[in-house]
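# Architecture and fold: a report
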Amino acid sequence: MNRVLAIARNTFREAARNKILYSLLFFAVLLIVSALALGQLSLNEEIRMTKDVGLTGIDFFAVIIAIFVGVNLLYKELDLKTVYTILPKPIRRWEFVLGKWLGILLTLAIQIGIMGLVLSGILVAQGAAPDAAIAKAVWLLFVNVMVVTSVAVLFSSFSSPFLSGFFTFGIFVVGRSVPDVRLLARKLGGAAQAGLEGVTAVIPNLHLFYPSGAIVAAERVSLHRDFVTPAYMLWTSLYGVGYSVLVLGLAMLIFRKRDFV
Amino acid sequence: MSQRMGIATDDGAAALRAESLAKTFHLGFFRKKVEAVKDMSFEVKRGEIFGFLGPNGAGKTTTLKMLMGLIFPSRGRVEVLGLPVPTVSAKRRVGYLPESPYFYDYLTPEEFLDFMGALCDVPSAVRRRRADVLIKRVGLDHARGRPLRKFSKGMLQRVGIAQALVHDPELVILDEPMTGLDPLGRKEIRDLILELKHEGKTVFYSTHILPDVELTCDRVAIVVQGRLRDVGPLSQLLSTRLISTEVVLRVPVAAGDGGAELPLPAGARRLPSAEGLAVELPADGDVDGFLRQALAAGAEVLSVGPRRESLEDLFVREALGGEAAAGREARP
């Protein structure tokens, strides 16, 4: 486990010294703060506006960072040939992939944590009471990027960053629209229905991690009223972790078989 | 005992053993077969310095990557100190420097060596001590706080050698360790390789810089076009037979400008020389007769030198032999 942690620590250190990630974090915080200005345009709905714009900002930037870092995670090691120094050390290939993944999750957790704290600070400054819904929503967005990162790592284990980014973003868009795709499938019927349902069975249901406004257990959940239940949080988190582990396992298998020419 | 194409029988002494190693790549859309390494068997004894020689593209790096588990062999097997490759227990006892190494450039040498030590399960306190010693040993004490992105190629090569030694391995495998180094740097690395041998370590390194091999290696293997051509101690691989005799004369003006009128025996040829008339006589040439004739013409003999096979001659002979063989194979 020490070897995995050494890889994770170095991956985090690499991200912490990457100026591009600081720039993205800066723009994310800027977007969240801009919710203050947008709130002024709405009538007595400042807090609602801050929550919506802030969480959208966290979601958007966290996914962009996850895809950007995830698709480069293994490819960069191959492209820069650092893998030729690491893998001859007494480390197993799956330990290397796991360490890289953990390191990037730690990076994302800190970034999302900072964005969540900025959002909470603004809400408190606007006079809102501390709200568990924001903490729950931010946690779900973290599980969301865990899944997206795992998918990106899977693609990066055999593909170029451009293609990996393209496929991962495609999966994110379809995954976020799973309820709509299922609705479309039912409307189309026949072979199209079977095909689309097959797609939704394989692709991660990322809509689960952004449920505000959706019907959950026959009730509409909203950030602005009672948000999701603890049971929903638990099962959704388990789904996200389970899906990530499965996808990461596949990435490890592919990485294990590769020749590093 | 020269071990041409063979494997020695002393199992207990083997630091590294490759048996019938082969690698075939399938390249491009049409999966064109390229045989990079063909049926290679050799053994490296514990405590020796073993040179792995070959021209560019001979399959040296592919072989080394198979030894380190970076590339899976199509056929054959590798054992390190009696352990199969790639396993964690085998890798724990081997240090490896890749060709033209590139490292995490945001790290300083200290941070990098600490990270490499952690991957080898070296305890934290030992890592710090070893990093300190190794940084001094490879001559980077002045740059220990500088990020690797500011290092020259030669400095990176030194960092690479330090990271290969961070876990105090028994076997050190170096892929082109002299590349990118100036003459002084090459000498320092040569000395380091000899020091490692004196510490009881086995060193296996690939190169095409032949003078370094002559100065350091106990045994060498020559690989050409993916095939092992020769394995053995240099003294046994190099032929002791006479190739030619070089005679340098100072000739009087009467013998013609630069000795132009001095008749040369059959098979002899003039060599460019700043000293006077230099003549290369074939191995079976009549050296005595030529000298008598030159002295009679009033020439002064400056030197007479027999020329025997050098490592360069052997290397060229094997490389050209390999190409000729490949040409014959290619012809219908």
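Relevant structure appears above.
A few points on the structure. None of these values were measured; they are calculated from a predicted model. (Residues numbered from 1 in each chain as written. Chains lettered and ligands numbered in written order. Predicted model: local features only at pLDDT ≥ 70, side-chain atom pairs only at ≥ 80, totals over all residues.)

## Brief notes about the overall build of chain B
- Along chain B, the regular secondary structure elements total 10 helices and 14 strands.
- With the principal axes as the frame, chain B shows a C-alpha extent of 80 × 55 × 45 Å.
- For chain B, the proportion of its 332 residues judged to be buried stands at 39%.
- Taking as baseline every contact in chain B between residues at least 6 positions apart, the subset at least 24 positions apart corresponds to 70%. (Helix = DSSP H or I, 4+ residues; strand = E, 2+ residues; numbered from the N terminus. Buried ≥ 20, exposed ≤ 12 C-beta atoms within 10 Å, placed from the backbone. Contact = placed C-beta atoms within 7 Å.)

## Some details on the packing of helix H3 (residues 109-119) of chain B against helix H5 (residues 153-165) of chain B
Residues and elements named next belong to chain B.
- The geometry of H3 relative to H5 is characterised by a closest axis approach of 9 Å and an angle of 30° between their N-to-C directions. By the angle class used here, H3 and H5 are roughly parallel. The handedness of the crossing between H3 and H5 comes out as right-handed. Residues Pro109, Phe112, Leu113 and Met116 of H3 form the contact with H5, whose participating residues are Val159, Ala162 and Gln163.
- Class assignment of the residues belonging to the contact of H3 with H5 gives a composition of six nonpolar, one polar and no charged. (Axes fitted to C-alpha atoms, helices over the stretch in contact; angles between N-to-C directions. Parallel < 35°, antiparallel > 145°, perpendicular 65-115°, else oblique. Left-handed = near helix turned anticlockwise from the far one by under 90°. Nonpolar A, V, L, I, M, F, W, Y, C, P; charged D, E, K, R; others polar.)

## Overview of the sheet that holds strand S11 (residues 242-250) of chain B
Residues and elements named next belong to chain B.
- An order of S12-S13-S11-S14 is seen for the four strands of this open sheet, with the pairing classed as antiparallel. Two strands lie at the open edges of the sheet, namely strand S12 (269-271) and strand S14 (300-308), each paired on one side alone. Along the sheet, successive strands turn relative to each other by an average axial angle of 25°, direction set aside.
- As paired strands, S11 and strand S13 (residues 277-282) are joined by six bridges and run antiparallel to one another. Bridging across to S13, threonine 245 finds its partner in leucine 281.
- Across the sheet, helix H9 (residues 287-296) lies against S11, S13 and S14, angled at about 5° from S11, the strand it touches most. (Pairing = 2+ DSSP bridges.)

So, to be careful, I would describe these as geometric facts and stop short of saying anything about function.
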